[in-house]
There are 4 protein chains.
Amino acid sequence: MNYQIKDIGLADEGAKKVEWAYREMPVLDILRKKYKNSKPFAGKKIAACLHVTTETANLITTFRDAGAQVYLCASNPLSTSDEVAAYLAREGIFVFAQRGEDSKSYWDNIRRCIESEPDLTIDDGADLTVTLHKEYPRLADKVVGGCEETTTGVHRIEALNKEKLLKFPFIAVNNAMTKHFFDNRYGTGQSTLDGIIRATNILFAGKRVVVAGYGWCGKGVSMRAKGMGARVIVTEVEPVRALEAIMDGFDVMPMDEAAKIGDIFITVTGNCNVIRFDHILKMKDGAILANSGHFNVEIEVNKMEEQKVSKRRIRHELDEYTFKDGKKVFLVGEGRLVNLAAAEGHPSSVMDMSFANQFLSSLYLLNNKIEIGVYPVPIEIDREIARLKIESMGMSIDTLSEEQEKYMKSW
Amino acid sequence: MNYQIKDIGLADEGAKKVEWAYREMPVLDILRKKYKNSKPFAGKKIAACLHVTTETANLITTFRDAGAQVYLCASNPLSTSDEVAAYLAREGIFVFAQRGEDSKSYWDNIRRCIESEPDLTIDDGADLTVTLHKEYPRLADKVVGGCEETTTGVHRIEALNKEKLLKFPFIAVNNAMTKHFFDNRYGTGQSTLDGIIRATNILFAGKRVVVAGYGWCGKGVSMRAKGMGARVIVTEVEPVRALEAIMDGFDVMPMDEAAKIGDIFITVTGNCNVIRFDHILKMKDGAILANSGHFNVEIEVNKMEEQKVSKRRIRHELDEYTFKDGKKVFLVGEGRLVNLAAAEGHPSSVMDMSFANQFLSSLYLLNNKIEIGVYPVPIEIDREIARLKIESMGMSIDTLSEEQEKYMKSW
Amino acid sequence: MNYQIKDIGLADEGAKKVEWAYREMPVLDILRKKYKNSKPFAGKKIAACLHVTTETANLITTFRDAGAQVYLCASNPLSTSDEVAAYLAREGIFVFAQRGEDSKSYWDNIRRCIESEPDLTIDDGADLTVTLHKEYPRLADKVVGGCEETTTGVHRIEALNKEKLLKFPFIAVNNAMTKHFFDNRYGTGQSTLDGIIRATNILFAGKRVVVAGYGWCGKGVSMRAKGMGARVIVTEVEPVRALEAIMDGFDVMPMDEAAKIGDIFITVTGNCNVIRFDHILKMKDGAILANSGHFNVEIEVNKMEEQKVSKRRIRHELDEYTFKDGKKVFLVGEGRLVNLAAAEGHPSSVMDMSFANQFLSSLYLLNNKIEIGVYPVPIEIDREIARLKIESMGMSIDTLSEEQEKYMKSW
Amino acid sequence: MNYQIKDIGLADEGAKKVEWAYREMPVLDILRKKYKNSKPFAGKKIAACLHVTTETANLITTFRDAGAQVYLCASNPLSTSDEVAAYLAREGIFVFAQRGEDSKSYWDNIRRCIESEPDLTIDDGADLTVTLHKEYPRLADKVVGGCEETTTGVHRIEALNKEKLLKFPFIAVNNAMTKHFFDNRYGTGQSTLDGIIRATNILFAGKRVVVAGYGWCGKGVSMRAKGMGARVIVTEVEPVRALEAIMDGFDVMPMDEAAKIGDIFITVTGNCNVIRFDHILKMKDGAILANSGHFNVEIEVNKMEEQKVSKRRIRHELDEYTFKDGKKVFLVGEGRLVNLAAAEGHPSSVMDMSFANQFLSSLYLLNNKIEIGVYPVPIEIDREIARLKIESMGMSIDTLSEEQEKYMKSW
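Residues numbered from 1 in each chain as written. Chains lettered and ligands numbered in written order. Predicted model: local features only at pLDDT ≥ 70, side-chain atom pairs only at ≥ 80, totals over all residues. Heavy atoms only, no water.

1. Details of a nonpolar patch on the surface
A cluster of nonpolar residues, Val237 of chain A together with Leu400 and Met408 of chain D, forms a patch on the protein surface that exposes about 220 Å² of accessible area. With respect to the helices and strands, Met408 of chain D occurs in helix α18 (residues 402–409). The partly exposed category is assigned to Met408 of chain D, whose relative accessible area is 41%. (Patch = residues over 30% accessible without salt bridge, like charges linked within 9 Å, V, L, I, M, F, W, Y side chains within 5 Å. Areas by Shrake-Rupley, 256 points an atom, 1.4 Å probe, with all protein chains shown as cover. Salt bridge = Lys/Arg side-chain N within 4 Å of Asp/Glu carboxyl O. Helix = DSSP H or I, 4+ residues; strand = E, 2+ residues; numbered from the N terminus. Buried < 20%, exposed > 50% of the residue type's maximum accessible area, 1.4 Å probe, protein only.)

2. Quick look at the interface of chain C and chain B
With 53 residues of chain C at the interface, the matching set in chain B holds 53 residues. Here chain C packs against chain B, burying approximately 4,900 Å² in sum over the two surfaces, 67% of which is carbon and sulfur. Across the chain C-chain B interface, the total number found is four salt bridges. As a salt-bridge pair, Arg383 of chain C and Glu238 of chain B come within 2.4 Å of each other at their nearest N and O atoms. Scanning the region where chain C abuts chain B turns up 16 residue pairs in polar contact (both at pLDDT 80 or more). Mapped by element, the contributors of at least two residues to the side of chain C that touches chain B are α8 (151–162), α9 (177–200), α11 (239–247), β9 (251–252), α12 (255–261), α17 (379–392) and α18 (402–409) of chain C. (Contact = heavy atoms within 4.5 Å. Buried area = accessible area lost by both parts, 1.4 Å probe. Polar contact = N/O pair within 3.5 Å; in protein donor to acceptor, adjacent residues only side chain to side chain.)

3. Considerations on the relation of the copies chain D and chain A
When chain D is fitted to chain A, the best match, at an RMSD of 0.0 Å, comes from turning it 180 degrees and sliding it 0.0 Å along the axis. Expressed as an axis order, the relation between the two copies is that of a two-fold axis. When the interface residues of chain D are mapped onto chain A, 100% of them again fall at the interface, so both copies present the same face. (Least-squares fit on C-alpha atoms with pLDDT ≥ 70 in both.)

4. Observations regarding the pairing of strand β7 (residues 208–212) of chain D
Residues and elements named next belong to chain D. Burial analysis of β7 places five of its five residues in the buried class, which makes it a mostly covered element. Of the two faces of β7, the one lined by Arg208, Val210 and Ala212 and the one lined by Val209 and Val211 are each fully buried. Examined bridge by bridge, β7 and strand β8 (residues 231–235) share five bridges and lie parallel to one another. Counted as the bridge partner of Val211 is Val234 from β8. With helix α10 (residues 216–227) bridging β7 and its parallel neighbour β8, the resulting β-α-β unit is right-handed. (Pairing = 2+ DSSP bridges. Right-handed = clockwise from strand over helix to strand, strands pointing away.)

5. Focus: the side chain of Lys179 of chain C
Residues and elements named next belong to chain C. Mapped onto the elements, Lys179 comes out in helix α9. Of the polar contacts made by the side chain of Lys179, one reaches the side chain of Asn174; its length is 3.1 Å. With residues near it in sequence (within four places) discarded, Lys179 still touches Glu149, Val173, Asn174, Asn184, Ser354 and Asn357.

6. Observations regarding the relation of the copies chain C and chain B
Mapping chain C onto chain B leaves a residual RMSD of 0.1 Å; the transformation is a rotation of 180 degrees accompanied by 0.0 Å of translation along its axis. Mapped onto chain B, 100% of the interface residues of chain C again fall at the interface, so both copies present the same surface.

7. A closer look at the domain arrangement of chain A
All names here are of chain A. By the assigned domains, chain A splits into domain 1 (3–179 + 346–392) and domain 2 (186–341). Each of domain 1 and domain 2 was reduced to a C-alpha centroid, and the two centroids are 32 Å apart. Taken residue by residue, the interface counts four residues in domain 1 and six residues in domain 2. At the boundary of domain 1 with domain 2, total buried surface from both sides reaches about 360 Å², with 67% on carbon and sulfur atoms. Three residues, Thr152, His346 and Pro347, lead the burial of domain 1 against domain 2; their summed loss comes to 81% of the area buried on that side. For the pair domain 1 and domain 2, the number of links is zero salt bridges. Each residue belonging to the side of domain 1 that touches domain 2 can be placed in one class, and the counts come to two nonpolar, two polar and no charged. (Domains from an automatic or database assignment. Nonpolar A, V, L, I, M, F, W, Y, C, P; charged D, E, K, R; others polar.)

8. Overview of the UniProt feature "domain: S-adenosyl-L-homocysteine hydrolase NAD binding" (unreviewed entry) in chain A
UniProt feature "domain: S-adenosyl-L-homocysteine hydrolase NAD binding" (unreviewed entry): in the numbering of this structure it lies at residues 184–345 of chain A. Annotation note: span residues 184–345 of chain A, helix share 38%, strand share 22%, distance between end C-alpha atoms 12 Å. (UniProt positions renumbered as here; feature names shortened; annotations may be inferred.)

9. As for the sheet that holds strand β5 (residues 145–148) of chain A
Residues and elements named next belong to chain A. The seven strands are arranged β3-β2-β1-β4-β5-β6-β15 in an open sheet whose pairing can be described as parallel. The sheet terminates laterally at β3 (94–96) and β15 (374–376), the two strands that pair on one side only. Direction aside, the axes of adjacent strands within the sheet are offset by 20 degrees on average. Taken together, the three bridges between strand β2 (residues 69–74) and β3 define a ladder with parallel strand orientation. Bridge pairing in β3 places Cys73 opposite Phe96. The strands touched by helix α8 (residues 151–162) are β5, β6 (170–172) and β15; relative to β15, the strand with the most contacts, the crossing angle is about 135 degrees. (Axes fitted to C-alpha atoms, helices over the stretch in contact; angles between N-to-C directions.)

10. Here we look at the interface of chain D and chain A
Listed per partner, the contact involves 53 residues of chain D and 53 residues of chain A. Together chain D and chain A conceal approximately 4,900 Å² of surface at their shared face, both sides included; 67% is due to carbon and sulfur atoms. Linking chain D to chain A there are four salt bridges. The partner of Arg185 of chain D in a salt bridge is Glu244 of chain A, and the shortest N-O contact between them spans 3.1 Å. Inspection of the region where chain D meets chain A yields 16 residue pairs in polar contact (both at pLDDT 80 or more). Those elements that provide at least two residues to the side of chain D that touches chain A are α8 (151–162), α9 (177–200), α11 (239–247), β9 (251–252), α12 (255–261), α17 (379–392) and α18 of chain D. Top element by residues in the side of chain D that touches chain A is α11 of chain D. It accounts for seven residues.

11. Details of the sheet that holds strand β4 (residues 120–123) of chain B
Residue and element names in this part refer to chain B. Taking strand neighbours across the sheet as the criterion, the seven strands line up as β3-β2-β1-β4-β5-β6-β15 in an open arrangement whose pairing is parallel. Each edge of the sheet is formed by a strand with only one pairing partner; in this case those strands are β3 (94–96) and β15 (374–376). This sheet shows a mean twist of 20 degrees between the axes of neighbouring strands, independent of strand direction. With three bridges joining them, strand β5 (residues 145–148) and strand β6 (residues 170–172) adopt parallel strand pairing. Residue pairing across strands places Cys147 opposite Ile171, the latter belonging to β6. Of the strands in this sheet, β5, β6 and β15 touch helix α8 (residues 151–162), which is tilted by about 135 degrees from β15.

12. Details of the pattern of salt bridges
Residues and elements named next belong to chain D. Applying the stated criterion across every chain yields a total of 150 salt bridges over all chains. As a salt-bridge pair, Arg32 and Asp65 come within 2.7 Å of each other at their nearest N and O atoms. Placement of the pair is Arg32 in helix α2 (residues 26–35) and Asp65 in helix α3 (residues 54–65), with a sequence separation of 33 residues. Exposure class is identical for Arg32 and Asp65. Each is buried. Asp108 is paired through a salt bridge with Lys104; the nearest N and O atoms lie 2.5 Å apart.

13. Quick look at the packing of helix α1 (residues 11–22) of chain C against helix α4 (residues 82–90) of chain C
All names here are of chain C. Following both chains from N to C, one finds α1 and α4 inclined at 100 degrees, their axes separated by 7 Å at the closest point. Regarding the angle of α1 to α4, the classification is roughly perpendicular. Contact residues: α1 offers Ala11, Asp12, Glu13, Gly14, Ala15, Lys17 and Val18, while α4 offers Glu83, Val84, Ala86, Tyr87 and Arg90. Residues belonging to the contact of α1 with α4 are distributed by class as follows: six nonpolar, one polar and five charged. (Parallel < 35°, antiparallel > 145°, perpendicular 65-115°, else oblique.)

14. Considering the nonpolar core
Phe41 of chain C together with Phe41 of chain D are the most contacted members of the largest nonpolar core, which totals 196 residues. Grouped together as the second largest cluster of nonpolar side chains are 195 residues, Ala176 of chain A, Leu363 of chain B, Val332 of chain C together with Tyr214 of chain D included. (Core = buried A, V, L, I, M, F, W, Y, C linked by side-chain atoms within 4.5 Å.)

15. Brief notes about the packing of aromatic side chains
By the definition in use, this model includes 52 aromatic pairs over all chains. Summarising the aromatic geometry, the rings of Phe63 of chain B and Phe359 of chain B are spaced 5.1 Å apart at their centres and angled 35 degrees between planes, so their arrangement reads as tilted. Taken together, the positions of Phe63 of chain B in helix α3 (residues 54–65) and Phe359 of chain B in helix α16 (residues 348–367) put the pair 296 residues apart, joining distant regions of the chain. Its relative accessible area of 0% is what places Phe359 of chain B among the buried residues. Measuring from centroid to centroid gives 5.2 Å for Tyr106 of chain B and Trp107 of chain B, while their planes differ by 85 degrees, and the two rings are edge-to-face. Ring pairs connect the aromatic residues Tyr35, Phe41, Phe63 and Phe359 of chain A, which therefore count as one cluster. Above the face of the Phe250 of chain B ring, Lys226 of chain B is positioned so that its terminal group lies 5.2 Å from the ring centre. Above the face of the Phe181 of chain D ring, Arg185 of chain D is positioned so that its terminal group lies 5.1 Å from the ring centre. (Phe/Tyr/Trp six-rings, centres within 6.5 Å; stacked < 30°, edge-to-face > 60°. Lys NZ or Arg CZ within 6 Å of the ring centre and 35° of its normal.)

Here is the structure:
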């Protein structure tokens with residue numbers, strides 16, 4: 001059987017969604033057109049474990065058009081779009097994914113992909129990679145190389161490498177500038193606000209928004225909240241970033257103080273318990289809490305659950321917690337990553353670049369014999385993607401003259 | 001019968017929504033608390049013809065708590081929330097409104113309100129006012145005064161007045177600074193972007209957004225689009241506003257030129273055919289069109305319908321039009337006011353001030369014997385509302401010292 | 001003698017400065033070219049009492065090229081540029097002005113201009129107008145009309161009018177949108193910061209800047225301070241403006257609180273004692289104070305002088321005051337209008353529009369028989385100037401179609 | 001003789017200037033207070049070759065108060081302030097520097113400092129370092145370590161190291177985040193605009209400003225030009241940076257296109273001939289050119305000189321060039337670094353952090369036996385400086401809890 005999906009009848013619906021996303025993925029489109037005749041992946045199998053979304057579908061069919069045979073399973077059973085899976089199945093992709101599949105199916109689907117005996121792997125969290133290394137060492141030996149999308153996955157793969165267990169070279173796609181510079185700042189920035197607005201319909205202008213964390217994501221969220229007229233307070237633990245926030249015109253203070261005056265709180269630190277229950281006790285009645293960090297550990301939700309007097313669902317993805325003193329606070333999307341929980345994740349436009357990195361990095365692995373290890377995306381790929389994105393916008397930039405090249409080297 | 005609604009069983013759901021909106025309506029809350037004991041409207045009947053929304057519900061119960069007996073009908077059959085109507089009915093309000101009611105029911109419901117023999121009227125578009133004057137002249141004589149929310153309604157009432165037919169004084173609430181300054185700029189600004197993002201999920205950063213019109217609404221939309229990282233082009237017909245747009249850092253050009261380079265087009269002029277079909281022919285493939293003006297006449301949609309080769313619904317409130325040359329453009333919400341069609345209209349926070357104007361203007365009409373005519377909201381009401389809004393945010397401002405008062409007067 | 005100036009030898013230096021300013025005055029240049037052949041002012045005399053600056057020089061020679069014979073005196077003895085006066089004298093203008101001239105000379109020079117028996121007057125503060133009415137009633141009778149640049153002057157002229165003493169019609173140029181909208185926001189905004197930076201060389205990024213007043217000037221200063229990375233606090237007495245400041249993303253609080261946390265204070269209210277000595281006592285050591293309002297009454301400088309323990313000039317236009325408790329604060333430009341005291345006043349680009357208003361309003365007075373009274377600049381002049389400014393930038397805008405004109409009128 | 005300066009009588013004037021700068025250098029002040037009792041540099045000699053400015057004076061006296069004996073010479077004869085030198089001499093510093101000193105004196109003064117037999121060196125461009133290594137190898141052997149402020153200097157020192165000639169370890173201060181992150185973006189950003197405004201007095205609002213280069217400096221300049229209301233165009237050769245500029249809302253295009261539409265051009269690339277003469281030929285009459293890169297090679301000034309028909313000095317630091325076709329362009333500060341040529345260089349506030357890096361890095365070299373080589377500033381110094389800066393602003397930030405520290409390590 002070529003696929004394991006919910007309902008092939010959803011393919012039409014899926015096609016429409018995939019097509020819409022594709023309009024915002026011009027870099028993939030350029031790559032597709034560039035490689036559809038030469039078919040550099042001809043005769044190669046790719047096992048991909050990714051969120052089964054509209055953008056992924058476009059990556060997968062780009063690989064297909066460039067000659068590859070692709071096997072796709074889900075990197076998270078909750079993020080699968082059954083319509084997209086149906087569309088891909090109809091397109092002849094070997095897709096094994098159903099929204100809400102149980103743990104057994106999840107791992108079985110990963111194994112199905114592995115058993116295709118892939119030449120290349122693409123992973124998002126390293127579940128496929130780890131399974132391949134543990135359960136199918138013989139097949140792992142055969143693999144030319146792999147790409148990993150997330151920081152978490154890279155950590156796991158580096159651990160394998162440290163123990164000398166890694167069997168083929170990896171490229172850590174997350175490190176590409178055209179990935180994290182852009183999806184963190186511009187993608188997370190916009191979609192975090194989008195999630196909160198969809199969940200609450202509140203006006204940002206004049207509100208005091210507390211952004212915990214001033215990394216790339218925090219910079220994006222702060223910039224966009226300011227752009228919507230909010231008065232932004234940043235909290236940080238790293239002094240250089242905190243100072244940057246001040247110089248960018250934001251107020252900076254400890255969460256303990258910010259808790260007392262904020263209207264909306266957004267965590268985006270990558271750390272745990274950034275908003276603790278004792279902070280919540282200091283908040284104004286009606287405060288709104290949202291998390292835009294990867295894991296739902298940044299707000300002390302478990303303690304909110306323990307200590308609450310009552311809880312109601314007020315709107316889609318918005319819960320009201322009442323505590324002993326009568327105070328109510330509102331939690332968006334249960335404290336999970338707000339742009340996925342309450343909006344539609346990153347706009348396709350930023351996924352375009354992430355996935356162009358996947359595509360070109362896979363090609364690089366295929367064409368270059370490199371040693372086992374974990375590597376960054378080569379800078380020339382990063383630059384090529386940025387160049388294609390600019391070109392797709394109908395814009396162009398300067399190039400160095402010979403004289404300038406010489407000047408830059410002349411110390 | 002005290003009400004004419006869809007289903008009283010929806011009252012619980014309505015209560016929750018009304019309550020959520022109320023959290024963003026602190027000025028109404030202050031007024032409610034201030035007047036619930038003195039009950040200045042005691043023994044008075046108010047006939048209100050308004051959009052039956054969560055915010056309206058809060059206005060109505062505030063009047064009720066201040067002593068009034070309120071009769072409510074819908075100012076537009078499509079904007080009625082049946083849950084809200086149910087909630088109000090359960091609260092003892094005389095409410096006559098059903099979503100999607102036919103024309104006969106619509107006018108019957110207006111008549112039901114009129115037949116309550118009101119002391120005061122509140123209108124949104126002047127349908128109640130005109131009916132009252134035409135069909136119930138005797139009852140009109142009895143009315144102390146009326147408030148009208150919209151510019152359109154004010155025009156109709158002024159026409160009555162010109163013909164010497166007006167029978168009681170009116171306050172034009174739309175002219176209040178705490179209404180149009182704030183809902184136009186901050187309300188329309190945010191909710192227009194919200195509507196487009198919900199309909200399309202596109203990234204604004206780096207996009208070229210063309211905003212047609214640089215009035216208060218256009219200023220708001222431009223400011224927020226810039227705040228989301230877009231490169232904004234403004235088109236205008238009025239040179240002073242156009243120059244203001246330039247000085248605010250925006251590019252300004254005729255629509256004919258902007259048509260060729262824009263990615264997203266937003267009309268907000270109050271005029272018709274601002275984006276004509278011949279502009280659309282010049283646009284890039286994939287251009288997105290949305291209207292944020294009151295009426296759906298700003299984009300030449302009828303001609304798009306005539307000239308299209310095909311049309312598909314791509315997403316909720318997003319239609320793809322294909323034309324002869326194969327070009328596709330995308331229209332949000334059928335060209336209707338985008339923040340209502342594709343999002344949730346103005347955030348409650350701005351309606352708070354509009355409705356506080358309704359409340360205090362009604363009180364003013366009750367307490368002051370004024371002659372027949374159409375009046376602006378008294379400046380002291382405007383200032384009082386701004387003061388209460390600031391107070392509700394936990395902030396305060398300076399007051400003039402005696403010395404300063406004297407200085408200001410001393411020419 | 002045709003002129004009364006310091007030194008005709010300064011004419012070359014003056015010419016260069018006037019020419020530089022002229023590069024930023026393209027609207028005047030268009031008007032000059034338009035009217036130099038038709039010479040609508042031929043045979044007419046104009047008496048002008050203005051700041052004798054480079055921009056004024058360009059206005060005067062434009063009048064000259066349009067046929068007028070111009071008599072110029074200073075509206076303030078301290079703002080005269082002797083180089084500019086020399087340049088004008090050499091150009092054949094009847095100019096009577098010397099920097100630092102004493103009171104007698106000042107009034108004598110005004111009288112010299114009046115004695116030319118002018119057809120039109122141009123005034124900046126109404127000293128010429130008042131003298132003309134009081135001392136030369138017979139000559140006043142002969143005047144066709146006058147323009148007044150300032151609000152203060154308009155007040156004085158309106159007082160004359162109220163007492164039925166006014167002898168010819170006036171246009172209040174300050175009310176033109178192309179004047180106050182632009183010089184207040186964009187001119188004052190930039191030049192206020194420029195003055196403070198020249199006087200102190202401090203970095204604005206991260207500083208807490210307190211802007212007192214959120215009128216057009218205050219909006220401009222706040223916007224530019226934010227644009228330089230400052231964290232801006234606004235103080236206001238008018239609640240609607242204060243709320244606007246909040247919605248624009250600024251913190252708002254009473255001066256009493258702001259005093260404790262600000263780094264830089266800028267008054268721009270038009271009122272007196274906005275920063276009182278008791279506020280200064282609460283400030284942080286090292287606070288910097290500047291006034292950008294018209295008169296030097298906004299900061300309680302006289303009390304600072306009284307209460308100081310010592311005072312030193314630290315830099316050009318920067319004084320250090322030390323008080324009893326050892327605290328030091330720094331006052332820019334002695335509390336006088338900071339963009340004139342410590343920088344170069346409004347950039348020529350904004351004066352271009354103010355003076356185009358003077359020119360076209362004078363022409364309007366000449367061509368239209370209007371009754372005695374004080375009038376705003378006709379809206380068509382305002383629009384014409386904005387249109388010319390846009391044209392001079394190489395830009396253009398839309399015009400209403402017939403269909404749109406009709407739609408706008410169709411209620 | 002303890003000093004070689006212009007005139008000790010200038011010391012009072014110098015003191016006042018140094019004191020003013022010190023108000024903006026609170027980190028140095030904290031360090032001074034912290035180390036003035038323990039005197040960690042007691043018995044040590046420091047030879048410093050730096051721009052002899054007010055900020056440098058504060059660094060030097062901080063070293064002095066921490067126990068060091070300091071010998072100071074100029075790193076550039078044109079940047080010496082004779083008043084500052086006089087002040088330092090009076091304070092007992094061994095200072096050898098005169099504004100405009102000839103080449104022989106320049107090198108003699110460097111040798112005087114070297115002959116003090118220093119334990120530590122501080123350099124800005126590496127002239128002292130290279131002289132020490134070439135002419136005084138025996139004394140070089142004795143040195144514990146050195147700090148170098150500039151990228152250029154670091155290149156020269158690394159060259160020495162490559163040839164195995166380096167005799168003691170170096171810390172490259174420029175790489176500190178608290179240096180280049182802040183002086184590049186916030187310092188260069190503000191002071192570049194300041195320089196252009198002082199030289200031209202033009203209004204930025206509405207102007208088209210072309211910024212060549214979107215590195216840290218270019219980001220700062222673009223951000224501030226936008227903050228003043230300009231419409232900013234960025235040119236770049238590096239695609240990732242160019243894309244960042246687009247996503248930040250700026251227009252991006254090749255210089256060849258930008259040349260035709262810009263009003264003001266600012267180069268800040270670090271490369272040569274970024275604005276070539278053939279670009280200038282395409283510019284609008286009246287274009288203004290300024291360079292904010294380190295060297296005056298970014299604008300092709302030599303060709304402007306060759307091809308000009310005439311040249312005039314229009315204002316202080318502003319030259320008008322006329323070319324064959326009659327077109328005029330204006331060059332600020334002869335194409336030299338505009339914030340130094342036409343304004344006062346970086347505000348003291350950013351130099352505070354650069355020099356705190358010098359101080360703490362010197363202390364680090366003294367206290368830690370490190371091998372010969374060129375090292376970055378230790379991250380803990382960077383963080384300490386940021387922390388002190390924040391503290392000096394009266395602000396504070398969060399610290400990681402134990403639980404959070406554990407979470408960050410737990411993969």
